[in-house]
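# Fold and geometry: a report
Below, each chain spelled out in residue letters.
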Number of protein chains: 2
Amino acid sequence: MAPGQRREQLIDLGVRLLATHSLEELSIEVLAVEAGISRGLLYHYFGGKQEYHLAVVERAAERLYEETAPQGRGPALELLAGSLERYVDHVARNYRGYLSLRRGAAGGDDELRSIYEAARAALTDRLFDAAPAERAVIGLEDTPQVRLLVHGWSAFVEEVVVDWVRDPRDVTRTQLLTTLHGSLPGLLRAL
Amino acid sequence: MAPGQRREQLIDLGVRLLATHSLEELSIEVLAVEAGISRGLLYHYFGGKQEYHLAVVERAAERLYEETAPQGRGPALELLAGSLERYVDHVARNYRGYLSLRRGAAGGDDELRSIYEAARAALTDRLFDAAPAERAVIGLEDTPQVRLLVHGWSAFVEEVVVDWVRDPRDVTRTQLLTTLHGSLPGLLRAL
């Protein structure tokens, strides 16, 4: 296998491990065991643990971005509902890793933060890619005030989903999705 | 001055310094200079830097809680608008310290997190203290789904305010307040 392919494979393995491990738990040792190769070879491919972590996190962010892309065609709100549902599934499937990325980003690791913020900005910026007529239906004008609101809305969605995955209490998945689906139009109408 | 009083005074000084300093910048050295007393005496009062920081942060959280308390009597939405306005002013006045507290809490410092989460929970839990008839006006029933939504809403408010204080771009203070005032009823209506 070519070195580039092998490297890609190791990154994918890291992304899979990140679903059930925090970033701190994703050590070169764990990875060497899982990949069945020596630590030395891992250092050869990535240079060090930090570099490996960043490559994995960047890949994980790309996956999130792809998984939550609007699928098919239809009214903006329906596409958004689909994206939100896949976002919930992504966080539920990758809870430990997602949480540790979020924590690392919030805790002041500049490289993690820039990956995390770019991923989140991409998710929200994508809303403004819809045709103006589509956006007008829910009042999503491209103004600084609406951009600020949408930025806050992404924090709302993340908080609600992470909180629910950690402990759903008596909130059903359907109730969760209802809460999320209506949230952006609800906030926009209130402007 | 009695030792208890002196200790209180040093905590208050820390809270004032926290407005323009991050928690990391709030060293025993800075404090000794500002208070005009020896480092030894500070260690005597607080035991160490970490203990001093926690005392300051706890006091700062209490202040935030007091400043954002509903004032006077009136419809729930009007009281909430007043609280939100004072929250904006608090964050603007204490930006560096507020940000470092938030970062410390998000970054996995358990003691900071528990202070921060208790402060935020208190702010949102307080909404449920209003009379049921008042709450009914905006659809604030006490159900797990609404509690989850309110928790997410507090993340929305914090993100919007911190983002705006850092860089208001072209969003006026009035537009910011409009965004905040309508947000909770907008989210609740969408349920």
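Note that this is a predicted model, so its numbers are computed, not measured.

The next point concerns the overall build of chain A. Secondary structure summary: chain A contains 10 helices and zero strands in total. Taken from N to C terminus, the helices and strands of chain A fall in the order α-α-α-α-α-α-α-α-α-α. C-alpha extents for chain A along the principal axes are approximately 55 × 35 × 35 Å. Sorting the 191 residues of chain A into buried and exposed places 32% on the buried side. In chain A, once contacts between residues fewer than 6 apart in sequence are set aside, the share between residues at least 24 apart is 67%.

As a further point, take the domain arrangement of chain A. Residue and element names in this part refer to chain A. One can read the domain layout of chain A as domain 1 (1-61) and domain 2 (68-191). In this structure, domain 1 and domain 2 have C-alpha centres spaced 28 Å apart. Taken together, the 12 residues of domain 1 in the interface contact 11 residues of domain 2. The element contributing the most residues to the side of domain 1 that touches domain 2 is helix α4 (residues 49-67), with five residues. Of the residues belonging to the side of domain 1 that touches domain 2, the class tally is seven nonpolar, three polar and two charged.

The subject of this paragraph is the interface of chain B and chain A. With 31 residues of chain B at the contact, the number on the chain A side is 31 residues. Counting only elements with at least two residues in the side of chain B that touches chain A, the list comes to α6 (95-106), α9 (144-166) and α10 (173-190) of chain B. Ranked by residues supplied to the side of chain B that touches chain A, first place goes to α9 of chain B with 13 residues. When its residues are assigned to classes, the side of chain B that touches chain A shows 14 nonpolar, 11 polar and six charged.

What follows covers helix α5 (residues 76-93) of chain A. All names here are of chain A. Here α5 contains 18 residues, and its C-alpha end-to-end distance of 26 Å stays within 8% of the 26 Å for a straight helix at 1.5 Å per residue. Within the span of α5, buried status applies to Ala76, Leu80, Leu84, Val88 and Val91. The buried residues of α5 occupy one face: seen down the axis, they fall within an arc of 115°. Each element contacted by the buried residues of α5 is listed here: α6 (95-106), α8 (132-138), α9 (144-166) and α10 (173-190).

A separate point is the environment of Glu58 of chain B. Considering the arrangement of structural elements, one finds Glu58 of chain B in helix α4 (residues 49-67). The exposure class of Glu58 of chain B is partly exposed, given the 18 C-beta atoms found within 10 Å.

In this section: the packing of α5 of chain A against α10 of chain A. All names here are of chain A. At their nearest, the axes of α5 and α10 sit 10 Å apart, and the two run at 135° to each other. Here α5 lies oblique to α10, going by the angle between them. As for the relative orientation of α5 and α10, their crossing is right-handed in sense. Here Leu77, Leu80, Ala81, Leu84, Glu85 and Val88 of α5 come into contact with α10, specifically with Leu176, Leu177, Leu180, His181, Leu184 and Pro185. Along the lines of polarity and charge, the residues of the contact of α5 with α10 split into 10 nonpolar, one polar and one charged.

With that settled, the discussion passes to the environment of Gly82 of chain A. Residues and elements named next belong to chain A. Along the chain, Gly82 falls in helix α5. Residue class for Gly82 comes out partly exposed when judged on the 16 C-beta atoms lying within 10 Å of it. In the structure, Gly82 is positioned 52 residues away from Glu134 in sequence and 16 Å away in space, judged by C-alpha atoms. Contacts of Gly82, omitting those with residues within four sequence positions, involve Pro70 and Gln71.

This paragraph deals with the relation of the copies chain B and chain A. For the pair chain B and chain A, the best superposition has an RMSD of 0.0 Å and corresponds to a rotation of 180° with a translation of 0.0 Å parallel to the axis. Interpreted geometrically, this transformation is the action of a two-fold axis. When C-alpha positions in chain B are compared against the rotation axis, the closest is assigned to Gly107 of chain B, at 1.8 Å. Mapped onto chain A, 100% of the interface residues of chain B are again interface residues, and the two copies thus contact each other with one and the same surface.

Calculation criteria
- Residues numbered from 1 in each chain as written.
- Chains lettered and ligands numbered in written order.
- Predicted model: local features only at pLDDT ≥ 70, side-chain atom pairs only at ≥ 80, totals over all residues.
- Helix = DSSP H or I, 4+ residues; strand = E, 2+ residues; numbered from the N terminus.
- Buried ≥ 20, exposed ≤ 12 C-beta atoms within 10 Å, placed from the backbone.
- Contact = placed C-beta atoms within 7 Å.
- Domains from an automatic or database assignment.
- Nonpolar A, V, L, I, M, F, W, Y, C, P; charged D, E, K, R; others polar.
- Expected span 1.5 Å × (residues − 1).
- Arc of directions from axis to C-beta.
- Axes fitted to C-alpha atoms, helices over the stretch in contact; angles between N-to-C directions.
- Parallel < 35°, antiparallel > 145°, perpendicular 65-115°, else oblique.
- Left-handed = near helix turned anticlockwise from the far one by under 90°.
- Least-squares fit on C-alpha atoms with pLDDT ≥ 70 in both.

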